[in-house]
Amino acid sequence: MATITLNYDAKDVRAQKTLEYILSMGFFTTGEKAVKTGLDLAFEDIEKGRVHRLITPKNRKEHD
């Protein structure tokens, strides 16, 4: 996959409409990555088996 960088005036309506049209064709993506929250990362850890024990406020003293 290749990357294209465009420099344009963000206030130019024609430039915005052209970019919207190009993206609407579906051949290109914006390349923005979804930002994962801490909760999303925690669930991912659980799903992939990277969590070996759960520390809760009740059992925190046992693990310190």
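Quick note: structure is the one above.
Notes on the structure in this doc start here. Since the structure is predicted, the reported quantities are computational estimates derived from the model, not experimental observations.

### Considerations on the overall build of the protein
Here is step 1: Looking only at helices and strands, the protein features three helices and zero strands.
Here is step 2: Beginning at the N terminus, the succession of helices and strands in the protein can be written as α-α-α.
Here is step 3: Projected onto the principal axes, the alpha-carbon positions of the protein cover approximately 65 × 25 × 15 Å.
Here is step 4: Each of the 64 residues in the protein was classed as buried or not, and the buried ones make up 5%.
Here is step 5: Accessible surface computed for the protein: about 6700 Å², of which carbon and sulfur atoms make up 57%.

### Concerning helix α1 (residues 13-24)
Here is step 1: With twelve residues, α1 ought to run about 16 Å at 1.5 Å a step, and its terminal C-alpha atoms sit 16 Å apart, in line with that.
Here is step 2: Two or three places before arginine 14, at the opening of α1, aspartate 12 has a side-chain oxygen 3.2 Å from that residue's backbone nitrogen.
Here is step 3: In the stretch just after α1, glycine 26 is the one whose phi turns positive, near 90 degrees.

The rules we used
Residues numbered from 1 in each chain as written. Predicted model: local features only at pLDDT ≥ 70, side-chain atom pairs only at ≥ 80, totals over all residues. Heavy atoms only, no water. Helix = DSSP H or I, 4+ residues; strand = E, 2+ residues; numbered from the N terminus. Buried < 20%, exposed > 50% of the residue type's maximum accessible area, 1.4 Å probe, protein only. Areas by Shrake-Rupley, 256 points an atom, 1.4 Å probe, with all protein chains shown as cover. Expected span 1.5 Å × (residues − 1). Polar contact = N/O pair within 3.5 Å; in protein donor to acceptor, adjacent residues only side chain to side chain.

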